[in-house]
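Observations on chain architecture
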Amino acid sequence: MTPFARTMRRLNDRFPWSHNDHFHPWIVAGLPARRRGAIEVGCGQGALLARLAGEFRHVHGTDTSAAMRADSRRRCAGLGNVTIDAAQLRDLEPDTEPEPIDLITMVAALHHLDVEETFAEAARLLSPGGRLLVVGLALSATPRDFLWEGISVVTNPLIGMMKNAPPRRGGERVGGPDVDPPPSERPRDPFPVTDPTMTFDEIAEAARRHLPGARLRHRVGFRYTLEWTKPGR
Ligand SMILES: C[S@@+](CC[C@H](N)C(=O)[O-])C[C@H]1O[C@@H](n2cnc3c(N)ncnc32)[C@H](O)[C@@H]1O
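Now for a look at the structure at hand. Since the structure is predicted, the reported quantities are computational estimates derived from the model, not experimental observations.

Points about the site of the ligand
What surrounds the ligand is a group of 15 residues, the closest being Gly42, Asp63, Gln88, Val107 and Leu113. With respect to the ligand, the backbone of Gly42 contributes an N or O atom lying 2.7 Å from a nitrogen atom. Contacts to the ligand include Val107, whose backbone N or O atom sits 2.8 Å from a nitrogen atom. For the ligand, the protein covers 91% of the area, taking 600 Å² as the surface of the free molecule. Partitioning the shell around the ligand into residue classes produces six nonpolar, eight polar and one charged.

What follows is the structure, given as structure tokens:
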């Protein structure tokens, strides 16, 4: 390992942050005007589910991992408008959901799924004016992808330092544990993970086929975002 890589690893271990939860404010800022039903695909430990429950009449979280569904249920205990199961989009119908579907979200979940099918199913299920908001991972292939990967490498510890900053006098800590456990004692990924197999351009191409007008952007944190509004009203 090079000295640079060693330094970056040490900094990243010292200042950890969730690259997925980091995008929840982006999702909340992009919510549709009508907020009846939402589907959160690959809901993991349920943090976004709980956040969406305050915004929508009904929120449906799906995850194929029983352990994740149990975590989500614990996180959403007491929230009467949240349903959690292992449903796949292909098995759902708009008129059998408790509410018309105005939002579908996926955070670090799309690369676990068949992208073409998922885009087609999201377009089918959403109500006119409904929104698909995706935070995803892609394989780097082009100079632009590698530039963004480099930006993510450099900004990763800086964002971590900001999120782990001690509170100003009288303020609250921005995020992260008060005392970081040593890396050996820190849990690895708390949810099932897999590596992305599609590039940003391939995902954009699939979006052009199923989600005309979708906006994809490279992001920090080794992520991209996709947002799409179903035409009509
Ligand atoms: C990397 S985790 C992300 C979890 C969560 N969205 C977050 O941001 O913390 C991916 C999640 O997708 C779930 N998953 C994988 N395949 C799935 C599928 N076909 N349908 C629903 N969830 C799935 C996994 O069990 C896992 O919880």
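So, the pattern of salt bridges
Tallied over the entire structure, the rule returns 12 salt bridges. Among the salt bridges present, the one from Glu55 reaches Arg35, with a minimum N-O distance of 2.8 Å. Within this pair, whereas Glu55 is found in the loop between helix H3 (47-53) and strand S2 (58-62), its partner Arg35 is found in the loop between helix H2 (24-29) and strand S1 (37-41), the two being separated by 20 residues in sequence.

Examining the packing of aromatic side chains
Applying the stated criterion across every chain, the model contains one aromatic pair. Summarising the aromatic geometry, the rings of Phe200 and Tyr224 are spaced 6.1 Å apart at their centres and angled 85° between planes, so their arrangement reads as edge-to-face. Remark: Tyr224 occurs in strand S7 (residues 223-229) and Phe200 occurs in helix H7 (residues 200-210); sequence separation between them is 24 residues.

Rules behind the numbers
- Residues numbered from 1 in each chain as written.
- Predicted model: local features only at pLDDT ≥ 70, side-chain atom pairs only at ≥ 80, totals over all residues.
- Heavy atoms only, no water.
- Near = heavy atom within 4 Å.
- Polar contact = N/O pair within 3.5 Å; in protein donor to acceptor, adjacent residues only side chain to side chain.
- Areas by Shrake-Rupley, 256 points an atom, 1.4 Å probe, with all protein chains shown as cover.
- Nonpolar A, V, L, I, M, F, W, Y, C, P; charged D, E, K, R; others polar.
- Salt bridge = Lys/Arg side-chain N within 4 Å of Asp/Glu carboxyl O.
- Helix = DSSP H or I, 4+ residues; strand = E, 2+ residues; numbered from the N terminus.
- Phe/Tyr/Trp six-rings, centres within 6.5 Å; stacked < 30°, edge-to-face > 60°.

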